[in-house]
Amino acid sequence: MNAAKKGDWVQIRNVVLPAGSRAPHVPDDTQRCDLVMWVKGAIQSDAQVGDTVEVVTMTGRRETGVLCEVNPGYTHTYGQFVPELHQIQTQLRQLVFGGEQ
């Protein structure tokens, strides 16, 4: 979806500190990257992805940034299955509880 109507749930992007403006003690590889803030909220006017817009967050905060996504989903995970961790869990359960429950 490339267009948002007033009131739609969207995600915006805002550069808080541009590359090179970070604190001097920040590592060089981090220093070369922008510090970016991503915010989700209700858009306050009709807009297209790429437009600068204002949103109101669930807590009532107003933020301005570039519209990135309309109706954003959640993409975080706990990563891929790790067989070694499964084996450790089984061994730990055996040690703590003395076997199967």
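Since the structure is predicted, the reported quantities are computational estimates derived from the model, not experimental observations.

Working definition: two side chains of opposite charge can pair if their charged atoms are close together. Tallied over the full model, the rule gives two salt bridges. The closest approach of N and O atoms between Arg-62 and Glu-54, which form a salt bridge, is 2.9 Å. Judged by its relative accessible area of 30%, Glu-54 is partly exposed. Here Glu-63 makes a salt bridge to Arg-61, at a shortest N to O gap of 2.8 Å. In this structure Glu-63 comes out as buried when scored by relative accessible area, which is 17%. A relative accessible area of 39% means that Arg-61 is categorised as partly exposed.

Two cysteines joined by a covalent bond between their sulfur atoms form a disulfide. Counting across every chain of the model gives zero disulfides. We note that Cys-68 lacks a disulfide partner, and the nearest cysteine sulfur, in Cys-33, lies 17 Å from it.

Attention now goes to the pairing of strand S6 (residues 62-70). Looking along a regular strand, one sees side chains alternate from face to face of the sheet. Bridging between strand S2 (residues 9-17) and S6 involves four bridges; their strand directions are antiparallel. Paired with Arg-13 across the bridge in S6 is Val-66. Sheet topology places strand S5 (residues 52-56) next to S6; five bridges connect them, and they run antiparallel. When the bridges of S6 are listed, Val-56 appears paired with Arg-62.

Mapped onto the elements, Pro-18 comes out in the loop between S2 and helix H1 (28-31). A sequence separation of 15 residues divides Pro-18 from Cys-33, and the C-alpha atoms of the two residues are 7.2 Å apart.

Conventions used here
- Residues numbered from 1 in each chain as written.
- Predicted model: local features only at pLDDT ≥ 70, side-chain atom pairs only at ≥ 80, totals over all residues.
- Heavy atoms only, no water.
- Salt bridge = Lys/Arg side-chain N within 4 Å of Asp/Glu carboxyl O.
- Buried < 20%, exposed > 50% of the residue type's maximum accessible area, 1.4 Å probe, protein only.
- Disulfide = S-S within 2.5 Å.
- Pairing = 2+ DSSP bridges.
- Helix = DSSP H or I, 4+ residues; strand = E, 2+ residues; numbered from the N terminus.

In short, geometric facts, not functional conclusions.
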